[in-house]
Amino acid sequence: MHTSALVLFSGGQDSTTCLAYALERYARVETIAFDYRQRHSVELDARLAVLREIRSRFPQWAAKLGEDHLLDLAVLGAVSETSLTRDTAFKMEASGLPNTFVPGRNLLFLTLAAAVAYRRDLQVMVTGVCETDFSGYPDCRDDTMKAMQLALSLGMDKRFLIETPLMWIDKAATWALAQSLGGQPLVDLIVEHTHTCYLGDRTHRHPWGYGCGECPACLLRANGYAGFSQSVNRAASPCD
Ligand code: ZN
């Protein structure tokens, strides 16, 4: 019986949904993020706002929400030349991967998260990786997660469970999952306080939240929200 979880929580839509998922299931939940000198500190600021809003708006979850961990991972910026850490434009590379991809980044995150989970005696790690929208990221695939779960469990001699509630759902279904977990208040919180835009834009407000509206992350979020809104409207009008 699992009772405690560590959520890899970046302050984006996906990881906020994962945090709600964990708070709904487990008695004790902690959060972790990594500062690897992203071009924008917007996401790191967003995660503090999300934690604050969850504590104030969801008292049933606030009691379970424990420590937040932020690990300095500047070394990742030093070994990677990517558009998130350098001033180069976002583009797709010949490999079919966007140049934001940091090779093996997620493997490093999970390893460090497991070390913290071990120390904090947390049994489950929850991460918002997904094969549906970004099948190009090999360190987000289901097989990789299963291999990491085995490697970390063997390497630390402790049975870890890696949960990936978003693995097989698209962005519209991620919005729907948030609604099923926390109703409209959680959807509103995600729209207002989470951050997704690659450019760090917090000046343009759309129905789906803040962002430039044009980068791949914004387009994915906007399209998902449109699909989610359509299905909500369909459900609300029985004549359809
Ligand atoms: Zn954007």
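So, here's what we can say about the structure. (Residues numbered from 1 in each chain as written. Predicted model: local features only at pLDDT ≥ 70, side-chain atom pairs only at ≥ 80, totals over all residues. Heavy atoms only, no water.)

## Remarks on the packing of aromatic side chains
Moving on, step 1. Under the counting rule described, the total for this entry stands at six aromatic pairs.
Moving on, step 2. Measuring from ring centre to ring centre gives 4.4 Å for Phe34 and Phe109, while their planes differ by 10°; the resulting arrangement is stacked. Within this pair, whereas Phe34 is found in strand S2 (residues 28-35), its partner Phe109 is found in helix H5 (residues 105-120), the two being separated by 75 residues in sequence.
Moving on, step 3. For Phe109, a relative accessible area of 11% corresponds to the buried category.
Moving on, step 4. With a centroid separation of 4.7 Å and 20° between ring planes, the pair formed by Phe58 and Trp61 is classed as stacked. Across this residue pair, the class does not change: Phe58 and Trp61 are buried. (Phe/Tyr/Trp six-rings, centres within 6.5 Å; stacked < 30°, edge-to-face > 60°. Helix = DSSP H or I, 4+ residues; strand = E, 2+ residues; numbered from the N terminus. Buried < 20%, exposed > 50% of the residue type's maximum accessible area, 1.4 Å probe, protein only.)

## Points about the coordination of the zinc ion
Moving on, step 1. Around the zinc ion, the donor atoms from the protein are Cys197 (SG), Cys212 (SG), Cys215 (SG) and Cys218 (SG), and they sit 2.3 to 2.4 Å away.
Moving on, step 2. Taken together, the four donor atoms coordinating the zinc ion and their angles of 106 to 117° define a geometry best described as tetrahedral.
Moving on, step 3. The sequence motif formed by the donor residues of the zinc ion is C-x14-C-x2-C-x2-C. Taken together, the positions of Cys197 in the loop between helix H7 (171-193) and strand S6 (205-206) and Cys218 in helix H8 (residues 216-236) put the pair 21 residues apart, joining distant regions of the chain.
Moving on, step 4. With a relative accessible area of 6%, Cys197 lands in the buried category.
Moving on, step 5. Residue Cys218 is classed as buried on the basis of its relative accessible area, which comes to 1%. (Donors = N, O, S within 2.8 Å, 3.2 Å for Na, K, Ca; no water. Tetrahedral: all angles 85-135°; square planar, octahedral: opposite > 155°, others 65-115°.)

## Some details on H5
Moving on, step 1. Taking 1.5 Å per residue, 16 residues should reach 22 Å; H5 reaches 22 Å between its end C-alpha atoms and fits that length.
Moving on, step 2. Asn106, Phe109, Leu110, Ala113, Ala114, Val116 and Ala117 are the residues of H5 that are buried. The buried residues of H5 occupy an angular sector of 165° when the element is viewed end-on, so they sit on one face.
Moving on, step 3. Immediately downstream of H5, the backbone of Asp121 shows phi near 55°, a positive value. (Expected span 1.5 Å × (residues − 1). Arc of directions from axis to C-beta.)

## A short note on the packing of helix H1 (residues 13-25) against H7
Moving on, step 1. Contact geometry of H1 with H7 gives a least axis separation of 10 Å together with a crossing angle of 70°. With respect to H7, the axis of H1 lies roughly perpendicular. Residue-level inspection shows Gln13, Asp14, Thr16, Thr17, Ala20, Tyr21 and Glu24 of H1 in contact with H7, the latter providing Lys171, Thr174, Trp175, Leu177, Ala178, Leu181, Leu186, Leu189 and Ile190.
Moving on, step 2. Broken down by class, the residue content of the contact of H1 with H7 amounts to nine nonpolar, four polar and three charged. (Axes fitted to C-alpha atoms, helices over the stretch in contact; angles between N-to-C directions. Parallel < 35°, antiparallel > 145°, perpendicular 65-115°, else oblique. Contact = heavy atoms within 4.5 Å. Nonpolar A, V, L, I, M, F, W, Y, C, P; charged D, E, K, R; others polar.)

## Remarks on the pairing of strand S1 (residues 4-8)
Moving on, step 1. Counting buried positions over the five residues of S1 gives five, a clear majority of the element.
Moving on, step 2. Of the two faces of S1, the one carrying Ser4, Leu6 and Leu8 and the one carrying Ala5 and Val7 are both buried.
Moving on, step 3. Where S1 lies against S2, five bridges are found, and the strand directions are parallel. If you follow Ser4 over to S2, its bridge partner there is Arg28. (Pairing = 2+ DSSP bridges.)

## Points about unusual backbone geometry
Moving on, step 1. Here Asp121, not a glycine, exhibits a phi torsion of approximately 55°, which is positive.
Moving on, step 2. Structurally, the position occupied by Asp121 is in the loop between H5 and strand S4 (124-126).

## Overview of H7
Moving on, step 1. Taking 1.5 Å as the rise per residue, H7 with 23 residues should run 33 Å; its terminal C-alpha atoms sit only 17 Å apart, a clear shortfall.
Moving on, step 2. At Gly182, H7 shows its strongest bend, of approximately 125°, with the proline Pro185 following within four residues.
Moving on, step 3. The residue sitting at the N-terminus of H7 and contributing the capping side-chain oxygen is Asp170; that oxygen lies 3.3 Å from the backbone nitrogen of Ala172. (Bend = angle between axes of the 7 residues up to and from the residue. Polar contact = N/O pair within 3.5 Å; in protein donor to acceptor, adjacent residues only side chain to side chain.)

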